[in-house]
Amino acid sequence: DIDASPTPPPQGLEVVAAAGADAEIATVAARVKRLLADGAPAGSIAVVARSLEGRRETIERIFAECDIPIAPSPVALPDVPIVRFVLDAASLAPQFAFRDVLRVLQSSYFRPETLGPFDRATVAAAQAAIRQGNVLEGRDAYARACDRLARRAESIRAEEQVEDDEAPASPAESPARFAAAGQMLEALFDLSARCGKSRDLRPLLAALDLPTAAQGSDEPAIVARDLRALAALDDALSQIPPGEAPTDWDALRRALEAVRCLPERRESLVDVLDVLDARSLRYDHLLLVGAGEGELPRKFDDVSLMGETDRAAWARRGVRLDSRSDLAAREMLLFYLAVSRADRSLTLSYLESDSSGRPGAPGSFLLSLLQPFGGIEALAGAGRVETVPPGQFVPPQARLASRRDAFNGAVAGWFRDEPADAGLLPWAARAQPEKIARCAAGLFARHRRWTAGACDRFDGRIASEDLRDELAARFGARHVFSASQLSAYGQCPWQFFAAYVLDLRPLEAPARRMEAVALGVFCHNVLFRVYSALRDQTGGPVRLAELETSRIDAALDAAVAAEAAEVETRPLPYPALWAIQRDQMRRQLRAYLHDQRKDASSEAAHFELGFATERFDPSHQDPASTPDAVPVDLPSGPILLRGKIDRVDRLSDGGMLVVDYKTGRLPGKADLDAGRNLQMPLYATAAEKLLGVPCAGGAFHSVPDLKQVHFSRLTKPPRETRDFDERLADALATADGFVRGIREGRFDALPSHKCPRFCPYRRICQYAEPRARLKTSRSVEGQP
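Reference entry: report on the structure contained in this document. A quick note: this is a predicted structure, and the numbers were derived from the prediction, not measured.

Reading the values: rules and limits
- Residues numbered from 1 in each chain as written.
- Predicted model: local features only at pLDDT ≥ 70, side-chain atom pairs only at ≥ 80, totals over all residues.
- Heavy atoms only, no water.
- Helix = DSSP H or I, 4+ residues; strand = E, 2+ residues; numbered from the N terminus.
- Contact = heavy atoms within 4.5 Å.
- Areas by Shrake-Rupley, 256 points an atom, 1.4 Å probe, with all protein chains shown as cover.
- Polar contact = N/O pair within 3.5 Å; in protein donor to acceptor, adjacent residues only side chain to side chain.
- 1 Å grid on protein atoms, 1.4 Å probe; cavity = no way out; pocket = protein on both sides within 12 Å on 5 of 7 lines; lining within 4 Å.
- Points joined across faces, edges and corners; volume = space filled by probe spheres on them.
- Nonpolar A, V, L, I, M, F, W, Y, C, P; charged D, E, K, R; others polar.
- Pairing = 2+ DSSP bridges.
- Axes fitted to C-alpha atoms, helices over the stretch in contact; angles between N-to-C directions.
- Parallel < 35°, antiparallel > 145°, perpendicular 65-115°, else oblique.
- Expected span 1.5 Å × (residues − 1).
- Buried < 20%, exposed > 50% of the residue type's maximum accessible area, 1.4 Å probe, protein only.
- Phe/Tyr/Trp six-rings, centres within 6.5 Å; stacked < 30°, edge-to-face > 60°.
- Core = buried A, V, L, I, M, F, W, Y, C linked by side-chain atoms within 4.5 Å.
- Salt bridge = Lys/Arg side-chain N within 4 Å of Asp/Glu carboxyl O.

Our focus in this paragraph is the overall build of the protein. What the protein contains, in helices and strands, is 28 helices and 15 strands. Of the contacts formed within the protein by residues at least 6 apart in sequence, a portion of 74% connects residues at least 24 apart. Taken as a whole, the protein presents about 39,200 Å² of accessible surface, with 53% of it coming from carbon and sulfur.

Rendered as structure tokens:
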């Protein structure tokens, strides 16, 4: 009888099943460090892979974290960051795509002073010009954007201020900065264009002073690498015969791929190589990474032009092509060469799942190797299989191999059920005290933010008296508020703090927009033209109910034509789409004006009534507009308000109604009642002060779908028990609380806070987490 019992696995055979490539290499590094600590001599350990392509960077990074010296591999010259920067700068011409330009401007190797009297503020202005000017490509487009934004910074056009919600401009976005940015970009583009004609990088290297830029790093190893790369690049360029320059930059990149930037010379305790390089060597300890399915054996797929049947047919005709069995045999030979290099211990690792959670499996060769020993299950039963679960923040103490893991174990280990190693925390306090301080501060802040009680500086209240004094001075009695600023505070105090105190704005990448022009700007301007023309014809306020539809349509057609003519003076990305959009907006505006004819109780008296707008232009505003801010009385004192009211209707009882056009989402009744939107009560109060006529409130009109939302005494919602005056007083008290909160540095959550779903600050906002529900459940002193 044949004994079918499995053979005991040899000593030193182990398997690692890891979740993710980083976890796999980190586990291998920990095993290597343990072998070195146990006395394994240098050169007796090897880390082997089927191919190091795609793995070398991870191995070098993690082994460096674990303080395991390995010989770095030579790097292709275009892969060195400073050479990549040179090639990026040279290849800007002739397209000058915005992503390429931004990549050059944002590089740490770019020194604006080499191009002229420019500084980092000029670079910031250039980036702002590209984003705000929506520049896509083309050399002239950058100059036009800088010139346009410089003129806008000097004097903002009235039609660009449909809403009063613009954040304050950055100091870098001044007219002089934009003009300097245009000059800097022109100098950069001229340099790139000259290099493009000659296909020679050396003028660019000299003009941008790359050796000095390379020395700007604080890391000596990076400085040495960049200087070696520049020397290798200069040597490679000098070997190009005159008149035989590459036809384009892609050809030069491909040629430079063959040139290697040699690494620094340093001691190596461990060999890292692929199977073919290790085939003639032997090691005491060998660790084979990537023994999973699809990696070893490598997965082979038939191409669309030739399958296994075609290969067999060609073989019968005498043309020898590798078949699937030939490829499998070759992979099997590579696996045999790898596992037969070990003398004392052999560790094989594979991915149980990748970084995205997609499951993996051991390779067929690995399973065949373990089959005589009872398979991987028997090996696991003998304690020879180490499984690394996903999301393992702190590895077991026996596998701590890097300072980062030791620090994590020192801090996070105290929150486990088992006590942490008593020596880790003292070591972390001695070796990395600044990290201990940061972690302690973060933990304490989290504790204070979750602890019930009065809100303090950990909840968004500024504790420094100097900062509070500065806020009180900046937003004092002379500061001019806008309704949208106070509404932003009501929506989210952090959003106000980020946008109007810190001047933070989300970066928007230029895009080839499907809309040729902003819908809101176009509709506001057309309606202003229509009502102004009808007022000039009738000699007084406009009563649409008394006008023929043909007369209204004629005024609309003239207004659309005039506004479209202004739009078409600028280059349009999609002329055909713009024509469709223009006709669609005309139909929507016609439906809106005809819907307004149904209201016979009011007449439109004022259009685009502005007060304290950035640029006072009577030709684009109502004659009753004023360049001065309007004082609005709040319970604690008056504030100055700026804005522009789209329309003011005169009612039959002598009062007036403020109307605001919306082409997007209308504010909800809950937002108005909770004080998250204060535009209408503030505008109604300002209109009373400006015109000296009692105001009955206001209404939001949706132009596309003809909906209306009122905040007035004209319409009383069902089950509404309070009268309009009481609701208006509550709204002004809410605005007063917001102003006092801003001046006193209170930027914690309000009881009425409702985090916007698509808030641009959501990723860094503390209220985006579930803790917002905890904070908003408190009553905040001094706020409604």
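A few words now on the side chain of H606. Relative to the helices and strands, H606 resides in strand β10 (residues 602-611). Here the side chain of H606 touches D622 through a polar contact of 3.0 Å, side chain to side chain.

Estimated volume of the second largest pocket: approximately 780 Å³. Along the walls of the second largest pocket sit 24 residues, with E60, P72, S73, V75 and R225 positioned nearest its centre. Looking at the lining of the second largest pocket, the elements with two or more residues in it are α2 (56-65), β3 (75-76), α10 (220-238) and β4 (260-261). Its residues assigned to classes, the lining of the second largest pocket comprises 12 nonpolar, 1 polar and 11 charged.

Attention now moves to the sheet that holds strand β1 (residues 13-19). Here 6 strands make up an open sheet; going across it, the order is β5-β2-β6-β7-β1-β8 and the pairing parallel. Either end of the sheet is taken by a strand with one partner, and the two such strands are β5 (271-274) and β8 (385-388). Shown here is a sheet whose adjacent strand axes are inclined to one another by a mean of 20 degrees, direction ignored. Both strand β2 (residues 45-49) and β5 contribute to a ladder of 4 bridges, which runs parallel. Within the sheet, the bridge partner assigned to A46 lies in β5 and is D271.

Glancing now at the packing of helix α5 (residues 120-132) against helix α6 (residues 139-154). Two quantities define a packed helix pair, namely the angle between the axes and the distance from one axis to the other. At their nearest, the axes of α5 and α6 sit 9 Å apart, and the two run at 100 degrees to each other. Taken as axis vectors, α5 and α6 run roughly perpendicular relative to one another. When α5 is examined against α6, the residues A128, A129, I130 and Q132 are found in contact with a partner set consisting of Y142, A145, C146 and L149. Its residues placed into classes, the contact of α5 with α6 shows 7 nonpolar, 1 polar and no charged.

What follows is about α10. Here α10 is 19 residues long and its end C-alpha atoms lie 27 Å apart, about the 27 Å a rise of 1.5 Å per residue gives. Among the residues making up α10, those that are buried are V223, D226, A229, L230, A232, L233, A236 and L237.

Note that T122 resides in helix α5. According to the relative accessible area criterion, T122 is buried, its value standing at 1%. Polar contacts involving the side chain of T122 include one to the side chain of D119, which spans 2.9 Å. Leaving out residues up to four positions away in the same chain, T122 has contacts with R177, A180, A181 and M184.

Applying the stated rule across the entire model yields 19 aromatic pairs. The interplanar angle of 40 degrees and the centroid separation of 6.1 Å between the aromatic rings of F85 and Y109 together place this pair among those described as tilted. With F85 in helix α3 (residues 81-90) and Y109 in the loop between α4 (98-105) and α5, this pair connects stretches of sequence that are 24 residues apart. Among the residues examined, F85 registers a relative accessible area of 4% and is labelled buried. Judged by centre distance (5.7 Å) and plane angle (50 degrees), the rings of F475 and F496 are tilted. With F475 in the loop between α19 (465-474) and β9 (480-482) and F496 in helix α21 (residues 493-501), this residue pair connects regions lying 21 residues apart in the sequence.

Our focus in this paragraph is the environment of V385. Relative to the assigned elements, V385 resides in strand β8. Taking relative accessible area as the criterion, V385 reaches 21% and is therefore assigned partly exposed. Distance from V385 to L13, taken between C-alpha atoms, is 9.3 Å for residues 372 residues apart in sequence.

Counting 62 residues, the largest nonpolar core has I82, L105, F110, Y142, L201 and L210 as the members making the most contacts within it. Among the elements that line this core, the one with the most residues is helix α7 (residues 175-198), at 10 residues. Residues within four places of L201 in sequence aside, it is in contact with V86, L87, A90, L233, L237, W249 and L252. The next biggest cluster of nonpolar side chains, apart from the first, holds 51 residues, and it includes L486, Y500, F738 and Y761.

Okay, unusual backbone geometry next. The peptide bond linking A93 to P94 adopts the cis configuration, its omega dihedral lying at 5 degrees. The omega angle of the peptide bond from L296 to P297 is 10 degrees, so this bond is cis rather than trans. Here P297 is to be found in the loop between β6 (283-289) and α12 (308-316). One non-glycine residue, F96, lies in positive phi territory at about 55 degrees. Note that F96 resides in the loop between α3 and α4. With a phi angle near 60 degrees, D503 is a residue other than glycine that sits in the positive phi range. Of note, D503 is situated in the loop between α21 and α22 (519-538).

Applying the stated criterion to the full structure yields 45 salt bridges. Across the pair E470 and R474 runs a salt bridge, and its minimum N-O distance is 3.6 Å. Placement of both E470 and R474 in helix α19 is noted, with a separation of 4 residues, approximately one turn of the helix. Since its relative accessible area comes to 43%, E470 is described here as partly exposed. Residue classification places R474 among the partly exposed residues on the basis of a relative accessible area of 37%. What you see here is one network of salt bridges that share partners, running through E14, R31, E386 and R399.

This part is about the packing of helix α20 (residues 483-491) against helix α27 (residues 724-743). At a minimum axis distance of 10 Å, the contact between α20 and α27 shows a crossing angle of 80 degrees. In terms of axis orientation, α20 runs roughly perpendicular to α27. Contacts between α20 and α27 pair L486, Y489 and G490 from the former with A735, F738, V739, G741 and I742 from the latter. Here the contact of α20 with α27 is built from residues that sort into 6 nonpolar, 2 polar and no charged.

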